[in-house]
Amino acid sequence: MAAGTVHGRPFSLGLLTVPIVQAPMAGGPSTPRLAAAVSTSGGLGFLAAGYKSADAVRAEILATRSLTGAPFGVNVFVPQPSVADSTAVADYAESLRADAAALTTTLGRARYDDDDWANKIDVLLDLAPGVVSFTFDIPESGVMEALMTAGVAVVLTVTSRAEAYRAVESGARALCVQGPEAGGHRGTFDPTSEPEATPLLQLIEELRDVPVPLIAAGGVVTGEDTRVVLSRGAAAVQAGTAFLRADEAGTKTAHRAALMSGEFISTSVTKAFSGRYARGLTNGFMRDHDHDAPFGYPEVHHLTTPLRAAAAAVGDAHRLNLWAGMNFGRTMTGSAEAILASLRP
Ligand SMILES: Cc1cc2nc3c(=O)[nH]c(=O)nc-3n(C[C@H](O)[C@H](O)[C@H](O)COP(=O)(O)O)c2cc1C
């Protein structure tokens, strides 16, 4: 898709030549090589700033720029006030002790932090990547305005009609509309509310009157999926799971193997790993702990971090968060360029 018009407004986000955005995927899969390969091939590659220091984000932006002259995006998690109940988190830690012992590791400290928010915003203002997307909430208006003044196109992730209208009012240049099929964390603004269940295609249709371009995310793994989503009114699709098996992705070995093993046949939404709803391959940890996992992101995320790292190190796919969307079974292995080509409508 060349720069065209959507709802009468110019749409040239990242100067896409194909209407496909590679989803930011924090926790390893997103790499400068992956973002650069996708952007060089005409899609919009994305870096994931989540869980990284501002210095690491700076280094990744510069590394990506050394690999491609094409625009790319950077995604940031918006910090929210803590919702963790310390007693519930302590009880949860108790219930995780056997898993930590099985991996001969200890649990992390269930601490609150803002993921180096202010320093990351400074880096983004300084380096001004073509696109910045935010997930989990709407940043304060000063941040939105400063980025837009720096020439950055600001995209906000939404999961419902109500969130979409709030995002448009805040001045978002485009919306990433995430449906329930999506892998990874749900972007729901209220972390304790049940995530929206309206399927992506219906959600996109319900948002047709929104006056900014919509980037549709959730379950897009083939060119036919892209064609159908675009036919409902989306300007582009955002695919994550489809790129998890890309040669250039930093997907952990155990995660990559699980996606292809045939052992995992379904996905579920759980807060067991991070204290916030996220979709991944249904595994033993989810089955054992979903029922007693409390809300509390990022506290629970930090609590389980050493456990997940130890599981990844020994290839224990049943104690690792295997984020994946509902359609993981139809994804392919190959170069990012080949995967991007397979997603073309
Ligand atoms: C492994 C993984 C990590 C993700 N990390 C992020 C992230 O850091 N920021 C974000 O906005 N979305 C993240 N997502 C969600 C994607 O942006 C997108 O909504 C989702 O991948 C779309 O559904 P699909 O996986 O079926 O393509 C992640 C998804 C996956 C699979």
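What this report covers is the structure whose coordinates are included nearby.

Definitions and cut-offs
Residues numbered from 1 in each chain as written. Predicted model: local features only at pLDDT ≥ 70, side-chain atom pairs only at ≥ 80, totals over all residues. Heavy atoms only, no water. 1 Å grid on protein atoms, 1.4 Å probe; cavity = no way out; pocket = protein on both sides within 12 Å on 5 of 7 lines; lining within 4 Å. Points joined across faces, edges and corners; volume = space filled by probe spheres on them. Nonpolar A, V, L, I, M, F, W, Y, C, P; charged D, E, K, R; others polar. Near = heavy atom within 4 Å. Polar contact = N/O pair within 3.5 Å; in protein donor to acceptor, adjacent residues only side chain to side chain. Areas by Shrake-Rupley, 256 points an atom, 1.4 Å probe, with all protein chains shown as cover. Helix = DSSP H or I, 4+ residues; strand = E, 2+ residues; numbered from the N terminus. Contact = heavy atoms within 4.5 Å. Buried < 20%, exposed > 50% of the residue type's maximum accessible area, 1.4 Å probe, protein only. Pairing = 2+ DSSP bridges. Right-handed = clockwise from strand over helix to strand, strands pointing away. Salt bridge = Lys/Arg side-chain N within 4 Å of Asp/Glu carboxyl O. Core = buried A, V, L, I, M, F, W, Y, C linked by side-chain atoms within 4.5 Å. Axes fitted to C-alpha atoms, helices over the stretch in contact; angles between N-to-C directions. Parallel < 35°, antiparallel > 145°, perpendicular 65-115°, else oblique. Left-handed = near helix turned anticlockwise from the far one by under 90°.

### Regarding the layout of surface pockets
Size it by volume and the second largest pocket reaches roughly 240 Å³. Surrounding the second largest pocket, 19 residues form its lining, Asp-113, Asp-114, Asp-115, Tyr-297 and Pro-298 being those nearest its centre. Along the lines of polarity and charge, the residues of the lining of the second largest pocket split into 11 nonpolar, 3 polar and 5 charged.

### Here's the deal with the site of the ligand
Around the ligand, a shell composed of 22 residues is seen, among which Asn-75, Thr-135, Gly-219, Gly-240 and Thr-241 lie nearest. In this structure, an oxygen atom belonging to the ligand sits 3.1 Å away from a main-chain N or O atom of Ala-26. A distance of 3.2 Å separates an oxygen atom of the ligand from a polar side-chain atom of Gln-178. Calculation on the ligand without its partners gives an accessible area of 590 Å², and the protein chains cover 97% of this total. Mapped onto the shell around the ligand, the elements with two or more residues apiece are strand 5 (73–77) and strand 11 (236–239). Across the shell around the ligand, the residue classes break down as 11 nonpolar, 11 polar and no charged.

### With respect to the environment of Tyr-51
When you line up the elements, Tyr-51 lands in the loop between strand 4 (46–48) and helix 2 (54–67). Sequence separation between Tyr-51 and Asp-114 is 63 residues; the distance between their C-alpha atoms is 9.6 Å. Excluding residues within four positions of it along the chain, Tyr-51 makes contact with Ala-26, Gly-27, Phe-77, Asp-115, Lys-120, His-185, Tyr-297 and His-301.

### Quick notes on unusual backbone geometry
Here the bond from Tyr-297 into Pro-298 is cis, since omega is 15°, no more than 30 degrees from zero. By secondary structure assignment, the location of Pro-298 is in the loop between helix 10 (284–289) and helix 11 (299–314). A positive phi angle, close to 45°, is found at Thr-104, a residue other than glycine. Following the sequence through the fold, Thr-104 ends up in the loop between helix 3 (86–102) and helix 4 (117–127). Taking relative accessible area as the criterion, Thr-104 reaches 76% and is therefore assigned exposed. The phi angle at Asp-116 is positive, at roughly 60°, despite the residue not being glycine. Here Asp-116 shows up in the loop between helix 3 and helix 4.

### Focus: the sheet that holds strand 13 (residues 278–281)
One open sheet holds the 3 strands; their spatial order is 9-13-12, and the pairing between them is antiparallel. The open sheet has two free edges, formed respectively by strand 9 (184–185) and strand 12 (267–270), since each of these has just one partner strand. Bridge count between strand 12 and strand 13: 4 bridges; the pairing is antiparallel. Bridged to Thr-267 within strand 13 is Leu-281.

### What to know about the pairing of strand 7 (residues 153–158)
Of all 6 residues that make up strand 7, 6 are buried, and the element is covered over most of its length. Side chains Ala-153, Val-155 and Thr-157 of strand 7 all project onto a buried face; the interleaved residues Val-154, Leu-156 and Val-158 project onto the opposite face, where all are buried too. Where strand 6 (residues 131–135) lies against strand 7, 4 bridges are found, and the strand directions are parallel. Opposite Val-131, over in strand 7, you have Ala-153 as the bridge partner. Each parallel crossover has a hand, and for strand 6 linked through helix 5 (residues 141–149) to strand 7 it is right-handed. With 4 bridges connecting them, strand 7 and strand 8 (residues 174–178) associate as parallel partners. The partner of Thr-157 across the bridge, within strand 8, is Cys-176. Assessed by its sense of winding, the connection that carries the chain from strand 7 through helix 6 (residues 161–169) to strand 8 is right-handed.

### Topic: the side chain of Glu-181
Mapped onto the elements, Glu-181 comes out in the loop between strand 8 and strand 9. Among all residues touching Glu-181, those that are not within four sequence positions of it are Pro-199, Leu-200, Gly-218, Gly-219, Arg-279, Gly-325 and Met-326.

### Section: the pattern of salt bridges
With the rule as written, the count across this model stands at 11 salt bridges. Of the charged contacts, one joins Asp-99 and Arg-319 as a salt bridge, the two residues approaching to 2.8 Å between their closest N and O atoms. Remark: Arg-319 occurs in the loop between helix 11 and helix 12 (336–343) and Asp-99 occurs in helix 3; sequence separation between them is 220 residues. Accessibility expressed as a relative area gives 7% for Asp-99, which makes it buried. Take Arg-319: its relative accessible area is 22%, and that puts it in the partly exposed class. Through salt bridges with shared partners, one network takes in Asp-99, Asp-316 and Arg-319.

### A short note on the nonpolar core
Judged by nonpolar contacts, the single largest core of 90 residues is most densely connected at Ile-61, Phe-134, Leu-156, Leu-175, Val-177 and Phe-243. Excluding residues that lie within four positions of it along the chain, Leu-156 makes contacts with Phe-134, Ile-138, Pro-139, Met-144, Ala-167, Ser-170, Ala-172, Ala-174, Leu-175 and Cys-176. Counting residues in each nonpolar core, the second largest holds 12 residues, with Val-21, Leu-44, Val-155 and Cys-176 among its members.

### Concerning the packing of helix 2 against helix 4
The axes of two packed helices give the description: the angle between them and the distance between them. Orientation of helix 2 relative to helix 4, taken along the N-to-C sense of each, is 25°, at an axis distance of 8 Å. Considering their axes alone, helix 2 and helix 4 lie roughly parallel with respect to each other. The hand of the helix 2/helix 4 crossing is right-handed. For the pair helix 2 and helix 4, contact is made by Ala-54, Val-57, Arg-58, Ile-61, Leu-62 and Arg-65 and by Asn-119, Lys-120, Val-123, Leu-124, Asp-126 and Leu-127, respectively. Residues belonging to the contact of helix 2 with helix 4 are distributed by class as follows: 7 nonpolar, 1 polar and 4 charged.

In short, shape yes, function no, at least from these values alone.
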